Number of protein chains: 2
Amino acid sequence: MDYLDELKKIVGVEGYVDDAAALEPYLREWRGRYTSDVPIVLLPSSTRQVAQLVSVCAARSIGVIPQGGNTGLVGGSVVHGGRAQVLVNLRRLDRIREVSADGEFMIAEAGCVLAALQEAAEEVDRVLGLSLSAEGSCRIGGNLATDAGGLNVLRYGTARHQVLGLEVVLADGRIWNGLRTLRKNTAGYDLRGLFVGSEGTLGIITAAALRLYPRPSDLATGLVALDSPAEAIPLLGSLRSRLADDLVAYELVTDATLELVLRNIPDTRTPFDDRYKAYALVENASHNPGGARSALEQALEAALGGGLIRDAVIATSGEQRRALWRLRHSISDAQTREGASIKHDISLPIERIPAFMDDCESRIRAMLPDVRFIVFGHVGDGSLHYNLTVPENMDSESFRAKEPELSRMVFDRVHAYGGSFSAEHGVGLLRRPELRRYVDGVEIDLMRRIKQALDPHGILNPGKVL
Amino acid sequence: MDYLDELKKIVGVEGYVDDAAALEPYLREWRGRYTSDVPIVLLPSSTRQVAQLVSVCAARSIGVIPQGGNTGLVGGSVVHGGRAQVLVNLRRLDRIREVSADGEFMIAEAGCVLAALQEAAEEVDRVLGLSLSAEGSCRIGGNLATDAGGLNVLRYGTARHQVLGLEVVLADGRIWNGLRTLRKNTAGYDLRGLFVGSEGTLGIITAAALRLYPRPSDLATGLVALDSPAEAIPLLGSLRSRLADDLVAYELVTDATLELVLRNIPDTRTPFDDRYKAYALVENASHNPGGARSALEQALEAALGGGLIRDAVIATSGEQRRALWRLRHSISDAQTREGASIKHDISLPIERIPAFMDDCESRIRAMLPDVRFIVFGHVGDGSLHYNLTVPENMDSESFRAKEPELSRMVFDRVHAYGGSFSAEHGVGLLRRPELRRYVDGVEIDLMRRIKQALDPHGILNPGKVL
């Protein structure tokens, strides 16, 4: 039997698409950087089907590209290389198998949309520690495969830190059932962390046991005006000392970034009378009703007294809160409307961010004086979206031509300050050259050995990461 | 040159011991279960020396047993098997390389005593999230190699969760420098988690970058009287809902366990007029001065009102706090004085603990009616020290003879309830039979592949774990 027929037989008529129009949404990365081609996209509806599909592919040395919500940004689920490949999309594995309020966990299949899991947690008065812009369409399997970050990392950690257990289909089609919910377990090597963040190259995550947390009863959101982006770092320290892990979000927005939003997005406004060099969007949670606001007020008053900040507002209604977050969430959209951008998803040791920003900006300005720095992001966990937007007087093509040297400079500086060229977007195809350049040979050798050990024939997500 | 001479030359005259009397403390596990023999204990003073030692051993296929404070309980750093082996103790790698309050991290060498790191964190008004009974003598390298747990896991997670980065000497003597301090990094596979908990069988951890947390300004400690050990679980849920992660410790002590302490340890007393079936020792932390006590009081009043608890006291002085903790910390000592015990370090899904305890106790009683159940531990994170003490009318030898069948019953029940036969003590030599019995073949195969990939000649800690 032809391998395509064999695969179709496993999943049944509702379990695949193979005509060009139906394939297109699976093959096009949404930012438009990659498109690719496969003869079939398989849509298995159970872990067993995934295992059977991989078994068939393993026997015939067909590459298997796993995919979730297809919201990635680095070419992590597109075709690469010449070998025959199929794409396995996990959206039909979308059952929540168990939610336990007392046990503070849920067991969810890989195809569950992140927002649906957040809602299921809230229904039992618990909260899932993962939140990101794409949460309405990204799927938990992809979040785990890429170790997604997002908005609440400073409080709850990245996707990795939510994982109590995993179910994984291995490169030879066997199923590893590691769906434990234990908080402590020293029975042998911990394999969970290896699959998380390996971008589908070591195994296909089909389900996960995820930690839940007590749900805060109260939330206070504020916007803080600063004298410079660098001031965001001492302010973070000051707020952490007083609010500790109740500080659940801490986002930096520079004034140039705010300007872009105000100019391009209707019905946005700054809550301040004056303009400042930078802003921090902060969110404080509390388990005492009313406690979040008063604690945030006191912490910001102390910061004002200490000269750390210039001004601050705290939202007094849900509407005001949404308006503040809208300033942050509209940035990507506003940026698109301003023309070409060169984007960098970087992370740094938090205390070195001010020095990095000064150093990197002056070097980039020496290369292209009028480039616009659109810098923002989850600075509370040391990550920045460090984006360069085309100068107003320059055409996109000339600007794009400078991408290699500009990005090289940014990443070189990131590396010099002990940072990473990929904070939360992963490696995929896009950042493989950076992996080779900035990660040392011993570490890459270890990664290769592990890939060889778990996927000796290289059938899982060929050409990604390594 | 003889390999012993070659090794001695690397570390110099102060870097080894090789006479019988000096070797003894390194070769005897403190609980007395294991003693072993090597021709030399090496005491390198730098990562480079560790790497050189391993290179020499790799070239000659000599086994290398890494050791920290030698406080383990499962034969993790004793000699096993017939091949030539040396022991490498890391106590001289005891420098704290960096402490950053703003960056909330410290970089410490493997030989640092845990308590010294806790103090260094407190000096900069931060706290390290790891605390355990052996903290005055255990060393951080061993804590990480075994993924140590301890008292604060429900708040901060196990040793694994404290790790931002690692420096590791590999099986061929190369050094992996993964000493990053980043909160987000998706640049390739995450190797950190593999070395943590692998008990020195995949690499020798020589240094680690560890997370620090804001230091709570206030602590409240209480003892709560319960109608049964099972009641500890709904109480935990109730306290978590109100105190969330401010609840930093939650220890169960059954009345039989308390009785043992009161009878054997001078100057111990219960703060209650009556005796109850079980007690929970709870500790609440706050970043608001005075906040810890009032929040704990409110949470306990609500629990009292809801019929979840019978009585409660909160310490009003440091002395009272120490007296409460002394009841908990004296248990092992008290148990030793009562004669032979068969100990089990188990973990369970938290919500299933009551059912497990009922089921397991009735089955064990059917086997040995008068056995004394000394059950206590970090129930807040689902782990229990589930110990069986010799019946008063039975001799130790007859009791010991029953260990295989009694332990088998306990571990079978643990497995049936989705738990682990090793919560925090590891596998070492002692629990290898349980690893083979309770961990499924796919998982063991994955572990073997990884061992083969990272230590193909099997020189690191021979015979442990697998």
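Below is a summary of the structure that appears in this document. Owing to the predicted nature of the structure, the values given are computational and were not obtained by experimental measurement. (Residues numbered from 1 in each chain as written. Chains lettered and ligands numbered in written order. Predicted model: local features only at pLDDT ≥ 70, side-chain atom pairs only at ≥ 80, totals over all residues. Heavy atoms only, no water.)

Right, let's talk about the overall build of chain A for a bit. Along chain A, the regular secondary structure elements total 17 helices and 18 strands. Since a compact globule built from 466 residues should have a radius of gyration of about 23 Å, the 23 Å found for chain A is in line with a globular shape. Here the C-alpha coordinates of chain A stretch approximately 75 × 55 × 45 Å along the principal axes. Per-residue burial for chain A yields a buried fraction of 62% across its 466 residues. In chain A, of all internal contacts separated by at least 6 residues, the share reaching a separation of at least 24 is 73%. (Helix = DSSP H or I, 4+ residues; strand = E, 2+ residues; numbered from the N terminus. Rg over C-alpha atoms; globule rule 2.2 N^0.38 Å. Buried < 20%, exposed > 50% of the residue type's maximum accessible area, 1.4 Å probe, protein only. Contact = heavy atoms within 4.5 Å.)

The interface is formed by 84 residues belonging to chain A together with 84 residues belonging to chain B. Interface area, chain A with chain B, both sides summed: about 6600 Å², of which 55% is carbon and sulfur. Of all residues in chain A, the largest losses of buried area upon contact with chain B belong to Lys184, Thr186 and Tyr189 of chain A, amounting jointly to 16% of the total for that side. For the interface between chain A and chain B, the tally reads 14 salt bridges. With a closest N to O distance of 2.6 Å, Asp445 of chain A and Arg174 of chain B form a salt bridge. Taken together, chain A and chain B are joined by 34 residue pairs in polar contact (both at pLDDT 80 or more). If you list the elements that add at least two residues to the side of chain A that touches chain B, you get helix H6 (153-156), strand S9 (175-178), helix H7 (192-195), strand S10 (204-214), helix H8 (232-243) and helix H17 (441-454) of chain A. (Buried area = accessible area lost by both parts, 1.4 Å probe. Salt bridge = Lys/Arg side-chain N within 4 Å of Asp/Glu carboxyl O. Polar contact = N/O pair within 3.5 Å; in protein donor to acceptor, adjacent residues only side chain to side chain.)

Enumeration according to the criterion identifies 20 aromatic pairs over all chains in this entry. Linked through ring pairs, Phe356, Phe373, Tyr386 and Tyr417 of chain A together constitute an aromatic cluster. (Phe/Tyr/Trp six-rings, centres within 6.5 Å; stacked < 30°, edge-to-face > 60°.)

Quick look at unusual backbone geometry now. Backbone geometry places Ser61 of chain A, a non-glycine residue, at a positive phi of 55°. Counting through the fold element by element, Ser61 of chain A comes out in the loop between helix H3 (47-60) and strand S3 (63-67). The exposure class of Ser61 of chain A is partly exposed, given its relative accessible area of 37%. Positive phi values are uncommon outside glycine, yet Asp267 of chain B reaches one of about 60°. Relative to the helices and strands, Asp267 of chain B is located in the loop between helix H9 (255-264) and strand S13 (278-286).

All names here are of chain B. Spatial ordering of the open sheet is given by S1-S2-S4-S3, a layout of 4 strands whose pairing is mixed. The sheet is open, and its two edges are formed by strand S1 (16-17) and strand S3 (63-67), each paired on a single side. Taken together, the 2 bridges between S1 and strand S2 (residues 41-42) define a ladder with antiparallel strand orientation. Within S2, the residue paired with Val17 across the bridge is Val41. (Pairing = 2+ DSSP bridges.)

Bringing the nonpolar core into the picture now. With 182 residues, the main nonpolar core has Phe195, Tyr250 and Leu384 of chain A together with Phe195, Tyr250 and Leu384 of chain B as its most contacted residues. Ranked by size, the runner-up nonpolar core spans 25 residues in total, among them Tyr3, Ala51, Ile62 and Val169 of chain A. (Core = buried A, V, L, I, M, F, W, Y, C linked by side-chain atoms within 4.5 Å.)

For the rest of this paragraph, the subject is the relation of the copies chain A and chain B. One chain copy maps onto the other through a rotation about an axis and a shift parallel to that axis. Placing chain A over chain B gives an RMSD of 0.0 Å and needs a rotation angle of 180°, together with 0.0 Å of translation along the axis. Interpreted geometrically, this transformation is the action of a two-fold axis. Comparing interface residues between copies, 100% of those in chain A also sit at the interface in chain B, which points to an isologous, same-surface contact. (Least-squares fit on C-alpha atoms with pLDDT ≥ 70 in both.)

What follows deals with the pairing of strand S4 (residues 85-89) of chain B. All names here are of chain B. Extensive coverage of S4 is indicated by the burial of 5 of its 5 residues. Alternating residues of S4 divide into Gln85, Leu87 and Asn89 and Val86 and Val88, and every residue in both groups is buried. For S2 and S4, the ladder comprises 2 bridges, and the chain directions are parallel. When the bridges of S4 are listed, Leu42 appears paired with Val88. Judged from the 5 bridges that link them, S3 and S4 form a sheet pairing that is parallel. If you follow Pro66 over to S4, its bridge partner there is Val88.

Here the focus is the sheet that holds strand S4 (residues 85-89) of chain A. Ordered by their spatial adjacency, 4 strands build an open sheet running S1-S2-S4-S3 (chain A), and the pairing between neighbours is mixed. A strand with exactly one partner marks an edge of an open sheet, and here the two such strands are strand S1 (16-17) and S3 of chain A.

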